[in-house]
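These are the residues of each chain, in order.
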Amino acid sequence: MCFGKCARCIGYHLLLLALLCIVANILLYFPNGETKFASENHLTTYVWYFHGIAGAGLLMLLPASVFIGLEHENCCGCCGHENCGKGCAMFSSILAAVIGLAGSAYCVIISAVGLAKGPYCQNAQGEWTYQFINTNGGYLTDHASWSQCVEPKNVVTWNVTLFSILLGLAAIEFILCLVQIINAFIGGLCSCCGCQDTQQSYAC
């Protein structure tokens, strides 16, 4: 069934995106590959929301696994009628897609807020602060101001890059889950129509 193949394709893409989100989120804990800033609690608050690890990562594995197995799922054939079972499976996948929507939306929101607030860093006066908190994200286009963060070195580039990656990957996950909801709804309806035709033929 083409709807099942589409779901499987979406599932594999979600699986890859989830793994990338987990890696990106983990990297946020180690600016420049150093571990001391995490142990000294000198990281932005938003890395502790686990938006890439939990939201767009581990939580996304559920819908991904459901979609991958959907092509061959028929809910035991639903009283012997394979089409009925496939329709049931397609409709049930909508719940998994909704879970994926929630996880990816969570990651998008936290990533966007993290970008707007900016990194937690040490300024030239030796103070640890959110140096760009009052810029409303304006610092993103003002590269000259990034030098205001002295420690960790290149932390602005590090945070902006990884938060942007998480934002983009989670947005793609959100779109794919929306596509699967549409795919599952149409596929479920088509399967149910096929089921009714089969039942009518048996009745004849």
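Everything that follows concerns the structure shown earlier in this document.
Residues numbered from 1 in each chain as written. Predicted model: local features only at pLDDT ≥ 70, side-chain atom pairs only at ≥ 80, totals over all residues. Heavy atoms only, no water.

L14, F67 and V156 are the most contacted members of the largest nonpolar core, which totals 44 residues. Residue assignment for this core shows that the elements contributing at least two residues are α1 (2-27), α3 (51-68), α5 (82-117) and α6 (155-203). At 11 residues, α6 tops the list of elements feeding residues into this core. Filtering out sequence-adjacent residues up to four positions away, V156 remains in contact with P119, F132, Y139, W146 and C149. (Core = buried A, V, L, I, M, F, W, Y, C linked by side-chain atoms within 4.5 Å. Buried < 20%, exposed > 50% of the residue type's maximum accessible area, 1.4 Å probe, protein only. Helix = DSSP H or I, 4+ residues; strand = E, 2+ residues; numbered from the N terminus. Contact = heavy atoms within 4.5 Å.)

Before going further, it helps to examine the state of the cysteines. One pass over the full model with this rule turns up one disulfide. Paired by a disulfide, C121 and C149 hold their sulfur atoms 1.9 Å apart. Between C121 and C149, the S-S dihedral sits near -55 degrees, and the bridge is therefore left-handed. Here C149 lies in the loop between β2 (128-130) and α6 and C121 lies in strand β1 (residues 120-122), a separation of 28 residues in the sequence. (Disulfide = S-S within 2.5 Å.)

Turning next to a nonpolar patch on the surface. Side chains of I182, F185, I186 and L189 sit close together on the surface and give an oily, nonpolar patch of about 370 Å² of accessible area. Along the polypeptide, L189 turns up in helix α6. Assessed through its relative accessible area of 39%, L189 is described here as partly exposed. (Patch = residues over 30% accessible without salt bridge, like charges linked within 9 Å, V, L, I, M, F, W, Y side chains within 5 Å. Areas by Shrake-Rupley, 256 points an atom, 1.4 Å probe, with all protein chains shown as cover. Salt bridge = Lys/Arg side-chain N within 4 Å of Asp/Glu carboxyl O.)

As far as function goes, none of this settles anything; it's purely spatial.
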